[in-house]
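What follows is the residue order along each chain.
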Amino acid sequence: IGPVFPGFQYNSNIGAKSSYIVLSKEAEILMKKLEVKKLSDQMLGSVHVYYNGGPYFIPYTTQPEHISRKEGPSSIEKVLAWYTTDDGSTLHAAIVYDTYEKGRVVLSGVHVEACPSMLSCVYEGDPFINGIISELECTEQI
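Residues numbered from 1 in each chain as written. Predicted model: local features only at pLDDT ≥ 70, side-chain atom pairs only at ≥ 80, totals over all residues. Heavy atoms only, no water.

1. Observations regarding the overall build of the chain
Right, so step 1: Each helix and strand in the chain was counted, giving 4 helices and 5 strands.
Right, so step 2: Moving toward the C terminus, one meets the helices and strands of the chain in the order β-α-β-β-β-β-α-α-α.
Right, so step 3: Burial status across the chain gives 32% buried among its 142 residues.
Right, so step 4: When contacts within the chain are restricted to residue pairs at least 6 apart in sequence, those whose partners lie at least 24 apart make up 60%.
Right, so step 5: About 9100 Å² of surface is accessible on the chain, with carbon and sulfur atoms providing 54% of the total. (Helix = DSSP H or I, 4+ residues; strand = E, 2+ residues; numbered from the N terminus. Buried < 20%, exposed > 50% of the residue type's maximum accessible area, 1.4 Å probe, protein only. Contact = heavy atoms within 4.5 Å. Areas by Shrake-Rupley, 256 points an atom, 1.4 Å probe, with all protein chains shown as cover.)

2. Section: unusual backbone geometry
Right, so step 1: Backbone torsion omega between glycine 2 and proline 3 reads 5 degrees, so that peptide bond is classified as cis.
Right, so step 2: Unusually for a residue other than glycine, asparagine 11 sits at a positive phi of about 60 degrees.
Right, so step 3: Tracing the backbone through its elements, the reader meets asparagine 11 in the segment before strand S1 (17-23).
Right, so step 4: Even without glycine at this site, glutamate 101 takes up a positive phi of about 50 degrees.

3. Some thoughts on the side chain of asparagine 52
Right, so step 1: Of note, asparagine 52 is situated in the loop between strand S2 (46-51) and strand S3 (78-84).
Right, so step 2: Judged by its relative accessible area of 15%, asparagine 52 is buried.
Right, so step 3: A polar contact of 3.3 Å, which involves the side chain of asparagine 52, links it to the side chain of asparagine 13.
Right, so step 4: Every residue in contact with asparagine 52, bar those within four places of it in the chain, is listed here: Phe8, Ser12, Asn13, Gly15, Ala16 and His111. (Polar contact = N/O pair within 3.5 Å; in protein donor to acceptor, adjacent residues only side chain to side chain.)

4. Points about the sheet that holds strand S4 (residues 90-100)
Right, so step 1: Ordered by their spatial adjacency, 5 strands build an open sheet running S2-S1-S3-S4-S5, and the pairing between neighbours is antiparallel. Across the chains shown, the open sheet's two edge strands, defined by having one partner strand only, are S2 and strand S5 (103-108). Between one strand axis and the next, the sheet turns by 30 degrees as a mean value, whatever way the strands run.
Right, so step 2: Here S1 pairs with S3 via 3 bridges, running antiparallel. Across the sheet, the residue bridging to leucine 23 is alanine 81, located in S3. (Pairing = 2+ DSSP bridges. Axes fitted to C-alpha atoms, helices over the stretch in contact; angles between N-to-C directions.)

5. Remarks on the packing of aromatic side chains
Right, so step 1: Scanning the entire structure with this criterion turns up 4 aromatic pairs.
Right, so step 2: For the ring pair phenylalanine 5 and tyrosine 51, a centre distance of 5.1 Å and an interplane angle of 90 degrees mean the geometry is edge-to-face. Here the residue phenylalanine 5 occupies a position in the segment before S1, and tyrosine 51 occupies one in strand S2, the gap between them amounting to 46 residues. Pair check on accessibility: phenylalanine 5 and tyrosine 51 agree, each one buried.
Right, so step 3: A ring pair is formed by tyrosine 51 and tyrosine 83, whose centres lie 5.9 Å apart and whose planes are at 90 degrees; its orientation type is edge-to-face. Of this pair, tyrosine 51 sits in strand S2 while tyrosine 83 is found in strand S3, placing the two residues 32 residues apart along the sequence. Both residues of the pair, tyrosine 51 and tyrosine 83, belong to the buried class.
Right, so step 4: Positioned above the aromatic ring of phenylalanine 5 is the side chain of lysine 17, whose terminal nitrogen or guanidinium carbon lies 4.0 Å from the ring centre. (Phe/Tyr/Trp six-rings, centres within 6.5 Å; stacked < 30°, edge-to-face > 60°. Lys NZ or Arg CZ within 6 Å of the ring centre and 35° of its normal.)

Right, dumping it as structure tokens:
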């Protein structure tokens, strides 16, 4: 469901922001399980990531007995990160993990792949992107 934060406009960076997300203990466990080698202890608390109109996810806590996983909504197994407000209150699930048949699924409402140097290059001179680069660079230094 989304977008989470107001201001998003298609084909524009007007609603782009550096979103502060809190990583869950589930994220730490999953990263160790998947043998993610380069993991800073500082990143296990919270990080700034690029956001531009992404959704949030509502974990299902129960699933009706008459609906199988193949027919109906999935019960999201783990919330890996939460959106936060400026005062640090958590909002909705930003990144979730689940399994499906023999695979693993990660859904993200934020762009964890977008590093500040890439955004600066792609959107050179864009005032909306330039305004968030310094916050994103703080996380990139971790």
